[in-house]
Amino acid sequence: MDTPVRQNPDSVETNGSHNNTTSQNHVSEIADATMISLVNGSESPEDTERIHWESGRRLWRTVEKTNANTITVVGHECVKSVVPLDLLRYLYLPRHPHDRYFDTETRTLSYIRSRSFLPVKSLPPGQRKRILVTGGAGFVGSHLVDRLMLMGQEVIVIDNYFTGRKSNIAHWIGHPNFELIRHDVVDPFLIEVDQIYHLACPASPPHYQHNPIKTVKTSVMGTINMLGLAKRVKARFLLASTSEIYGDPEVHPQTETYWGNVNPIGPRACYDEGKRVAETLTYAYRHQDHVNVRVARIFNTYGPRMNENDGRVVSNFIMQALRGEELTIYGDGSQTRSFQYIHDLVDALILLMNNDCDEPVNLGNPDEYTIRSLAELVRDEVNPDCKITTLKATIDDPKRRKPDISRAEDKLGWKPTWPVRQGIQETVQYFRRQMEAGLI
Ligand SMILES: O=c1ccn([C@@H]2O[C@H](COP(=O)(O)OP(=O)(O)O[C@H]3OC[C@@H](O)[C@H](O)[C@H]3O)[C@@H](O)[C@H]2O)c(=O)[nH]1
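Residues numbered from 1 in each chain as written. Predicted model: local features only at pLDDT ≥ 70, side-chain atom pairs only at ≥ 80, totals over all residues. Heavy atoms only, no water.

Per an unreviewed UniProt entry, the protein chain goes by UDP-glucuronate decarboxylase and derives from Paraglomus occultum. Word for word, the UniProt comment on the protein chain under Catalytic activity (unreviewed entry) is "UDP-alpha-D-glucuronate + H(+) = UDP-alpha-D-xylose + CO2". What UniProt records for the protein chain under Cofactor (unreviewed entry) is the sentence "NAD(+)". (UniProt positions renumbered as here; feature names shortened; annotations may be inferred.)

Below, the structure is given as structure tokens:
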């Protein structure tokens, strides 16, 4: 049951568990089309994918990969969340930022109004849902929004931009299926919707510890407000909970039946206990008021659109390596985490929302790494000359963390498909391009 922790990053294979190969033979030639090249993983010409994009119409083709393990689509047919990866990458990994131009001489940014939107599925009215995503401008929220939009759903985002950014979802502003509202979930909010993905809350330890009272308020009052809304409009409610509810776990790997080991007065308590209460509230509304609820316990997740100054380990290491700085390990680096790529999480969130399972479900990648081995992996990928240094350990830092995902496998038919190295490569590409574009 307990598989070995990765010590040597070279042992990370791009093993072929990913299904996702697809062939698109739909080729169109448009003389004046703007061409966007999207490159998957290696930048060899055979691996190039191209989108032809013209006046609101996307006419596209992908070149079949020579490597059968390459991921070219994400999502699950049973919930109609399947989307070609190149479309998503167009949104978070454009060769050139499509809505802005940075003048390096004057250091000014010119924003260009988008000419057109990526095509979204046209769903019959009976199938199209109105979906509220709280925290939809954040890292996880914005990827979820992209997927829901491409699936043809009607999406309403509320965000107070404490850690979220308008630029994460700017590409949908003005779309008839999309609405963006600046709102803090601590205050009540009324709207007619069918589903609520409740993600709003700072998730990185430095961010949630910055104002612990506000973090508790966000978790508790925000969740009460959204559950109250779900009750009133009879919407299905999904809570983004966290592996942090297990605290510094004494059970390894962590199953959903484990009650956790949380210091209630430590610096992490505002988040850990806040989310524990959020879960308590969710099941209280289920039992007392028959609200239809789902609870996702999200383990460490990384990917493009993390804030460069987020403070979490993956973005810290990548930014340090890109800047040629020392990679900072807190403590001796023997603590472990299991890292899941963002697309795997979005797949699972949509599956869970549309599944009958109303028990908490762990969502994470069980591939466990020591923090030191992660530092070595990032260093080797980005800049082998970088040094790795150790700093003081943080208080109450969990020593080991790894999800038992049997319930997700069993109930949702889901398991992660992105190997860590591959996700890291794509995240590095993202941050590199953000730097090149002068955005960070
Ligand atoms: O620069 C750094 C940053 C972090 N770390 C260490 O790396 C490990 C992971 O730290 P992170 O801040 O990325 O994430 P944590 O696991 O502590 O918390 C996370 O848990 C799960 C999610 O719900 C949240 O995103 C977040 O709270 C910790 O041991 C931390 O001390 C470093 O060694 N160096």
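Colleague: Can you help me understand helix H4 (residues 212-233) in this one?
Modeller: Residues spaced three or four apart along an α-helix point in a common direction, a consequence of the helix completing one turn every 3.6 residues. Over its 22 residues, H4 runs 31 Å from end to end, which matches the ideal 32 Å to within 8%, given 1.5 Å per residue. Listed in full, the buried residues belonging to H4 are Thr-215, Thr-218, Ser-219, Gly-222, Thr-223, Asn-225, Met-226, Leu-227, Leu-229, Ala-230 and Val-233. (Helix = DSSP H or I, 4+ residues; strand = E, 2+ residues; numbered from the N terminus. Expected span 1.5 Å × (residues − 1). Buried < 20%, exposed > 50% of the residue type's maximum accessible area, 1.4 Å probe, protein only.)

Colleague: Explain the site of the ligand to me, please; I cannot follow it from the model alone.
Modeller: Near the ligand there are 24 residues, and of these Thr-242, Glu-244, Thr-328, Arg-337 and Asp-397 occur at the shortest range. At 2.8 Å from an oxygen atom of the ligand is found a main-chain nitrogen or oxygen belonging to Val-313. Relative to its unbound accessible area of 670 Å², the ligand is 96% covered by the protein chains. Those elements giving two or more residues to the shell around the ligand turn out to be helix H3 (205-210), helix H6 (313-322) and strand S15 (327-330). Of the residues assigned to the shell around the ligand, the class counts are 10 nonpolar, 8 polar and 6 charged. (Near = heavy atom within 4 Å. Polar contact = N/O pair within 3.5 Å; in protein donor to acceptor, adjacent residues only side chain to side chain. Areas by Shrake-Rupley, 256 points an atom, 1.4 Å probe, with all protein chains shown as cover. Nonpolar A, V, L, I, M, F, W, Y, C, P; charged D, E, K, R; others polar.)

Colleague: Whenever I open this one, the side chain of Asn-365 confuses me. Can you help?
Modeller: Relative to the helices and strands, Asn-365 is located in the loop between strand S18 (360-363) and strand S19 (368-370). A polar contact is formed between the side chain of Asn-365 and the backbone oxygen of Trp-418, at a distance of 3.4 Å. Each residue touching Asn-365, except ones within four places of it in the same chain, is listed here: Ser-338, Phe-339, Gln-340, Pro-403, Pro-416 and Trp-418. (Contact = heavy atoms within 4.5 Å.)

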